[in-house]
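These are the residues of each chain, in order.
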Amino acid sequence: MSAAKTLFSLAAATLLSATVAQAQTEIKLGHVGAPGSLFAQSADLYAQRANAKLGDKAKVVVYGSSQLGSDSELLKKLKLGTVDLALPSTVMTSVAPEFGVFEMPYLVQDRGHAARIAKTVTHPILGPIALKAGYRVLGVWENGYREITNNKHPIVKPQDLAGIKLRVPGGVWRVKMFKAYGANPSPMELKEVFVALQTGVMDGQENPLTQIYSQKFQEVQKYLSLTGHVYTPAYLTAGASWARLSPEVQKILADTAVEVEPDILKLAGKLDEELIGKMKAAGIQVNQADKPAFVAASKDVYGEFAKEVPMGKDLIDKSLSLAKGT
């Protein structure tokens, strides 16, 4: 072999080796949030903090807007190890029914309460349950307080939902809850919702304000009703590829996931305050809901969860005991 060919072969081998090394050190974080959403801002904040600590050991790269798949697809990819980190929310009830405690209406009073539940219930109790199913919960972040939009009329009391075709995320308890309120709920992936609302396949949907605004639902919805019916956490979650990472990288990723939890809660509160004004400016009609009426209509859902889900009553009682003043 000539010297030139030898040099070319060595250069090609070096380039290939560098490319492989780079591919091995990229940590893919997938989520379904659109640019500007709380998911996007949370994931970007986490990546920035983690990458500053990781140096050249690895790099967290964020893929939003369902680029790597829907929530359910991301869970499958975590299990396969083709995605390293994801940010599931309601869909975690498909991993373990105990996560359905966060489907209980009006369970979480405020973000301080949410932080106490994360520390006392989610990390120590739900985390090990998820791990047995193959998912490692690194951080308990936020999806948010959920509000209802629709094209029929303002929703003030549960009976105002009668007959409304309402998109909900996957998860049995959200469906049960809205059926109890009289709506006609249908699970659907987030990436399909805009067109469903635009075409009238769905009359309305329910989501945190940051998801509603970033998904541009205000462009195809007339009414925003501030029900705050459910607070949904989001869980920074690892899967099968976790074992391939070095202990040092694992520690940085896990520690940073918890470190940013209070920052994400503060960011979420700030976004909620800003977005009401932006929604009104976009032309959507905003109204306050009669929350006591919704609370009264939710009792059967609590009873069913306590009866059907392992540890259901204990999870509810423990979470409620962490509310302010208890």
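Presented here is a report on the structure given in the accompanying data block.

Rules of the game
- Residues numbered from 1 in each chain as written.
- Predicted model: local features only at pLDDT ≥ 70, side-chain atom pairs only at ≥ 80, totals over all residues.
- Heavy atoms only, no water.
- Helix = DSSP H or I, 4+ residues; strand = E, 2+ residues; numbered from the N terminus.
- Rg over C-alpha atoms; globule rule 2.2 N^0.38 Å.
- Contact = heavy atoms within 4.5 Å.
- Areas by Shrake-Rupley, 256 points an atom, 1.4 Å probe, with all protein chains shown as cover.
- Lys, Arg positive; Asp, Glu negative; His and termini not counted.
- Charge placed at Lys NZ, Arg CZ, Asp CG, Glu CD.
- Buried < 20%, exposed > 50% of the residue type's maximum accessible area, 1.4 Å probe, protein only.
- Polar contact = N/O pair within 3.5 Å; in protein donor to acceptor, adjacent residues only side chain to side chain.
- Pairing = 2+ DSSP bridges.

## Quick look at the overall build of the chain
Within the chain, the secondary structure is distributed over 12 helices and 10 strands. The globule rule puts the C-alpha radius of gyration for 326 residues at 20 Å, and the 22 Å found for the chain is close to it. Overall size of the chain, expressed as C-alpha extent along the three principal axes, is 85 × 40 × 30 Å. Taking all contacts inside the chain whose residues are at least 6 apart in sequence as the whole, residues at least 24 apart take part in 76%. Total accessible area on the chain is roughly 14400 Å²; 57% of this is exposed by carbon and sulfur atoms. One way to put it: in the chain the 37 positive side-chain charges average out to a point 2 Å from where the 31 negative ones average out.

## Some thoughts on the side chain of Gln 205
Mapped onto the elements, Gln 205 comes out in strand S7 (residues 204–208). Gln 205 sits in the buried class, given a relative accessible area of 0%. Only 2.8 Å separates the side chain of Gln 205 from the side chain of Thr 149, close enough to count as a polar contact. Of note is the side chain of Gln 205, whose polar atom sits 2.8 Å from the side chain of Asn 207.

## A look at the pairing of strand S4 (residues 136–150)
Within S4, 14 of the 15 residues are buried, leaving the element largely enclosed by the surrounding structure. Pairing geometry for S4 and S7, over 5 bridges, is antiparallel. Paired with Arg 146 across the bridge in S7 is Pro 208. The pairing of S4 with strand S8 (residues 223–226) spans 3 bridges and is classified as antiparallel. What sits directly across from Ile 148, in S8, is Ser 225.

Coordinates in, geometry out; function isn't part of it.
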